[in-house]
Amino acid sequence: MSDTMTVAVPRGAMFSETLDLLEGLGRDVSAVRSNDRKLFFPEAGLITMRPSDVLTYVSSGVADLGITGKDVLMEHNGGGVYELFDLGYAACRMVVAAREQDREEVESRMRELGTLRVATKYPNVAKRYFAESGRQVEIVEVKGSVELAPVTGLADAIVDLTQSGATLSENGLVVLEDMSSSTARLVANRVSYNYRSDEIDEFLGEIRQHLNF
Amino acid sequence: MDFPGIPEGTKDALPEEMRALRQITDRLRHQFEQAEYGEVYTPTVERQSTLALGDRSIADGAFKLLDEHGEVLVFRPDMTIPIARVAASSFASQAPPLRLYYQAHTYRDEGGRPSEMLESGVELLGLAAPTGTVEVLGLLCGCLDAVGLLDYRIGIGDATIYPNLLASIVPDLDQRKRIMHELSTLDFVGLEREVRAADLSPQDAELLIELPRIRGSSAVLGQDLDPTATGLMQGLRKLDDSLPDTVRSRAIYDLGLCRRPGYYTGTIFEVYDPAWSGPVGGGGHYDDLLGRFGRLMPAVGFSLHIESLHGALYDEGRKK
């Protein structure tokens, strides 16, 4: 834990809305906005990183607070951090999708082979979801462009996060099942949550006020 | 050539690390002996049925084996349950209070991963709250001072406050279970969602959502809350009144604090240090546990994770 409170900020889809939020709270984020390559801004108490790393930095205590997607928290079973607040933005859905023409193929495979090949960046979420509905699946973990898997025959279906569905339909995929929804969440390290309770509650209070909660 | 590895969640310790770990455990041992606690050692494996008497949720442990009769043996997930067993059998004729300590390895499943850790701690059997709690918290702070940890704080809560408050407001057992699940997984967003779904009066919903977020110095115990909640906080207020300043100055009262295993029945606490990412130890009251082994009496204890404590000491030392 450093002397000043440190916030882990996700780059990527949540980046600009997170910076808008921090700016709305009166933080100076101009250095972050104007510099694409720099990642660590100690004077502003900010570290920028990919959303899935936010959880790692917060649970290890390098950052006291962080902003990350519910999808990341679900994949890591909460990650041992406090989930303090639903920030509401970066709204997405976690879905099962497949090629339109494979709709029947997916069902008959499940029936006749007793299993399904599912490509995903969220192996734990996918495993849990199918297990809870009594279906056995074979998880194929990929690191990017999950849409490619059913198109090329690597998998029968995918489990992925979608915002508008545009990427899915561009690749000829349709939503078969709606699993859950995800938004940006404010998370806190377990030790910081108590050790810095005043600062964290003040920050949370500012956010509530800013977002009119 | 492939190197022969070691099981996941375990590690080897070489002389330099061992020397530092021994220095910590020697200092702790000295504190325990000074306070007239006696050391006990119990088998590395316990019958699963014994552990399940203590807490079903940890009885699966991290490593298991079968004996020749087909009985499931589990590498002990904690030392509290074995000591409760000992207190009710080997010590059955000795009048309470019993003061026992241990330094031993335990084996727990930490979120799907097995983990072997060296734990050092005490169990004080036969003294009710707050007398026993005050003694144990005083000893805990004395131990942390003795090993040289500087900036630690003790998070203190009560395992009964939230469940009892919930029971007084939410009649449906399934709804209560769902709300408790969110709290114990540290998910305040989920907690709020489940409370709102329970169709309560706005005041009750607000209380259930806000109370577990309250934490801070002794002052938080004097807050003007709903009469039921205020009544439930009686135990913590009594404890705070009895604590010496050396302990009170380290205390952070946390009304939403949850702690596994599930055998706690009153005050619970955890040790935090800014140089370490998670608790370096903790404990609490477990007044029902000994009764399950046939010798009902109040009990309280703590354990410290020696490797985490060592890590915190190392990082604190580097910053100075």
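Residues numbered from 1 in each chain as written. Chains lettered and ligands numbered in written order. Predicted model: local features only at pLDDT ≥ 70, side-chain atom pairs only at ≥ 80, totals over all residues. Heavy atoms only, no water.

A word on unusual backbone geometry
Residues and elements named next belong to chain B.
So, step 1. In this structure, Pro-130 follows Ala-129 across a cis peptide bond, with omega equal to 0°.
So, step 2. Examined against the element boundaries, Pro-130 turns out to sit in the loop between strand 6 (113–125) and helix 4 (131–147).
So, step 3. A cis amide bond, omega -5°, links Arg-260 with the succeeding residue Pro-261.
So, step 4. Considering the arrangement of structural elements, one finds Pro-261 in the loop between strand 9 (251–254) and strand 10 (267–272).
So, step 5. Here the phi dihedral of Leu-186 falls at roughly 65°; this positive angle occurs in a residue that is not glycine. (Helix = DSSP H or I, 4+ residues; strand = E, 2+ residues; numbered from the N terminus.)

With respect to the interface of chain A and chain B
So, step 1. Contact with chain A, which involves 24 residues of that partner, is made by 22 residues of chain B.
So, step 2. Carbon and sulfur atoms make up 49% of the surface buried where chain A meets chain B, a total of about 2000 Å² over both sides.
So, step 3. On the chain A side of the interface with chain B, the three residues burying the most area are Arg-190, Asn-194 and Tyr-195 of chain A, jointly 32% of the side's total.
So, step 4. Between Lys-70 of chain A and Asp-187 of chain B there is a salt bridge whose closest N-O contact spans 3.3 Å.
So, step 5. Inspection of the chain A/chain B interface yields 10 residue pairs in polar contact (both at pLDDT 80 or more).
So, step 6. Sorting the residues of the side of chain A that touches chain B by element identifies strand 5 (82–86), helix 9 (190–195) and helix 10 (197–210) of chain A as the ones contributing at least two each. (Contact = heavy atoms within 4.5 Å. Buried area = accessible area lost by both parts, 1.4 Å probe. Salt bridge = Lys/Arg side-chain N within 4 Å of Asp/Glu carboxyl O. Polar contact = N/O pair within 3.5 Å; in protein donor to acceptor, adjacent residues only side chain to side chain.)

Quick look at the packing of helix 6 (residues 173–184) of chain B against helix 7 (residues 188–197) of chain B
All names here are of chain B.
So, step 1. Look at helix 6 against helix 7: their axes get within 7 Å of each other, and the N-to-C directions meet at 165°. Classified by the interaxial angle, the pair formed by helix 6 and helix 7 is roughly antiparallel. Crossing geometry of helix 6 relative to helix 7 is assigned as left-handed. Residues Gln-175, Arg-178, Ile-179, Glu-182 and Leu-183 of helix 6 touch helix 7, and the partners they reach there are Phe-188, Gly-190, Leu-191, Arg-193, Glu-194, Val-195 and Ala-197. (Axes fitted to C-alpha atoms, helices over the stretch in contact; angles between N-to-C directions. Parallel < 35°, antiparallel > 145°, perpendicular 65-115°, else oblique. Left-handed = near helix turned anticlockwise from the far one by under 90°.)

A look at the pattern of salt bridges
So, step 1. One pass over the full model with this rule turns up 35 salt bridges over all chains.
So, step 2. Residue Arg-117 of chain A pairs with Asp-156 of chain A through a salt bridge whose shortest N-O separation is 3.1 Å. A residue pair is termed long-range when its members are at least 10 positions apart, and Arg-117 of chain A in strand 7 (residues 117–120) and Asp-156 of chain A in the loop between helix 7 (148–152) and strand 9 (157–162) qualify at 39 residues.
So, step 3. What makes Asp-156 of chain A buried here is its relative accessible area of 7%.
So, step 4. Between Asp-240 of chain B and Arg-248 of chain B there is a salt bridge, with its nearest N and O atoms 3.3 Å apart.
So, step 5. Taking relative accessible area as the criterion, Asp-240 of chain B reaches 9% and is therefore assigned buried.
So, step 6. Here the residues in one salt-bridge network are Lys-70, Glu-83, Asp-86 and Arg-185 of chain A together with Asp-187 of chain B, joined through shared partners. (Buried < 20%, exposed > 50% of the residue type's maximum accessible area, 1.4 Å probe, protein only.)

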